[in-house]
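Descriptive analysis of the structure
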Amino acid sequence: LVFCIFEIGIGIIGLLSIPLLDHLAGTLASVPQGIGLLAFVSLVLLPPTILMGATLPVLAEILKPKLPLFNETVGRLYAVNALGSAIASLVTALLLFGVFGIKAVTALAAICNGATAWMIWVGSKSWGDQALPMGENRPRAYSSPSSQNTSTFTVSTIAFLALLTGLVTLAQ
């Protein structure tokens, strides 16, 4: 699943970020200010930013055929994800970094990324081909619960997945 690959990629980049940033600290001092520094920092931050920004849209695509009222639910999905992101940012900055340090918190975030990928992977086993966000066999729109042979998620499951995705993504 694309979502699982993105989550694992975020975790790996997170784990590599500490030694990379330590290594690049000296290099940044020699990079000229202005456009050169902006380009250098953008190259380092672009891959994880793209992956983090893509996780919720990919998750929404995965869940689309499973939600009877997708259009009404997707707004709540994004809201809960944003709430999870805000909570994670505050807790990480105000508590976790001070108590455990950046390396331990980064490792914990990478473990959470892996756990999220694993939960979606295991859950997708019961979803069949419709769990594949780019699958050609997946219907493009959800018509009615009786017209498709799919299981549906509860609102609490959707909220939990969105909150977890937000917590994991922004905690890094």
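Below or above, wherever it landed, is the structure these notes cover.

Conventions adopted
Residues numbered from 1 in each chain as written. Predicted model: local features only at pLDDT ≥ 70, side-chain atom pairs only at ≥ 80, totals over all residues. Heavy atoms only, no water. Helix = DSSP H or I, 4+ residues; strand = E, 2+ residues; numbered from the N terminus. Buried < 20%, exposed > 50% of the residue type's maximum accessible area, 1.4 Å probe, protein only. Expected span 1.5 Å × (residues − 1). Bend = angle between axes of the 7 residues up to and from the residue. Axes fitted to C-alpha atoms, helices over the stretch in contact; angles between N-to-C directions. Parallel < 35°, antiparallel > 145°, perpendicular 65-115°, else oblique. Left-handed = near helix turned anticlockwise from the far one by under 90°. Nonpolar A, V, L, I, M, F, W, Y, C, P; charged D, E, K, R; others polar.

Mapping Ala109 onto the fold places it in helix 4 (residues 102-124). By relative accessible area, Ala109 is classed as buried at 5%. Separated by 98 residues in the primary sequence, Ala109 and Gly11 place their C-alpha atoms 6.9 Å from one another.

Attention now goes to helix 2 (residues 35-63). The end-to-end C-alpha distance of helix 2 is 41 Å, a good match for the 42 Å that 29 residues give at a rise of 1.5 Å each. Along helix 2, the largest kink reaches about 40° and is centred on Leu45; proline Pro47 follows within four residues of it. Three or more residues of helix 2 are buried, namely Pro48, Leu51, Ala54, Thr55, Leu56, Val58, Leu59, Ala60, Ile62 and Leu63.

Another point: the packing of helix 1 (residues 2-30) against helix 2. At a minimum axis separation of 10 Å, helix 1 and helix 2 run at an interaxial angle of 165°. Classified by the angle between their axes, helix 1 and helix 2 sit roughly antiparallel to one another. Regarding helix 1 and helix 2, the two cross each other, and that crossing is left-handed. The residue inventory of the contact of helix 1 with helix 2, partitioned by class, reads 20 nonpolar, three polar and one charged.

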